[in-house]
Structures are given as structure tokens and as C-alpha cells.
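A closer look at the structure
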Amino acid sequence: LQYTGRDLLEGLLAQLKILETQKIFLEVSAQNPAALGLYEAYGFQRQGLRKAYYADGTDAITMVKVLAS
């Protein structure tokens, strides 16, 4: 089987809904516009920046999505 990032994200969000999770946080490379676009398309909001988060010195953008209130 092959899964896309979209498939995996949809599966994760479905499981988190079942578990009644309230929020999900993640970090994504500031140099990965495809991933940023995917997360934003699913309602993730940019929350902050972690300078030199990755071993190669790349920054990470922290993101959050509210699932339930």
C-alpha cells in the first residue's frame, strides 16, 4: 500500500476525533511549502517559529489545530 501525506493526516485527524482530542501541535520545516500548504488546508494555524530547530540549522514553524472545544 502507498499512502500520501494527505491520507496519513486524514487518518490521524479521524483517530484524534474519536479520542476526543482537543488540540494538535506540530513542527514543520520553514523550507517545506508543500507541507505548510497541506497543514493550512486542514485548518492548522501558524503559532510560532523555532530557530535552527533541525540539525542542518533550518527553522521550524510551529502549528496548532483546535479539534474540539
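Look up a bit, the structure's there.
The structure contained in this document is the topic of the report that follows. Everything quoted here is computed from the prediction, not taken from an experiment. (Residues numbered from 1 in each chain as written. Predicted model: local features only at pLDDT ≥ 70, side-chain atom pairs only at ≥ 80, totals over all residues. Heavy atoms only, no water.)

So, the overall build of the chain
A count of helices and strands for the chain gives two helices and three strands. Walking the chain from its N terminus toward its C terminus, one meets helices and strands in the order α-β-α-β-β. With 69 residues in all, the chain has 28% of them scored as buried. Here the analysis covers contacts within the chain between residues at least 6 apart in sequence; of these, 54% occur between residues at least 24 apart. Per element, the accessible surface of the chain, about 5000 Å² overall, is 52% carbon and sulfur. Taking the 7 positively charged and 7 negatively charged side chains of the chain as two groups, their mean positions are separated by 6 Å. (Helix = DSSP H or I, 4+ residues; strand = E, 2+ residues; numbered from the N terminus. Buried < 20%, exposed > 50% of the residue type's maximum accessible area, 1.4 Å probe, protein only. Contact = heavy atoms within 4.5 Å. Areas by Shrake-Rupley, 256 points an atom, 1.4 Å probe, with all protein chains shown as cover. Lys, Arg positive; Asp, Glu negative; His and termini not counted. Charge placed at Lys NZ, Arg CZ, Asp CG, Glu CD.)

Observations regarding the side chain of S29
Topologically, S29 is positioned in strand 1 (residues 23-29). S29 sits in the buried class, given a relative accessible area of 17%. Ignoring sequence-local partners within four residues, the contact set of S29 consists of L36, Y54, T58 and D59.

So, the nonpolar core
Core analysis: the largest hydrophobic core is formed by 13 residues, its most contacted members being L9, V28, Y42, F44 and M63. Contributions of two or more residues to this core are made by helix 1 (5-18), strand 1, helix 2 (33-41) and strand 3 (60-66). If we ignore the near neighbours within four places in the chain, the residues touching Y42 are R6, L9, E10, L13 and K65. (Core = buried A, V, L, I, M, F, W, Y, C linked by side-chain atoms within 4.5 Å.)

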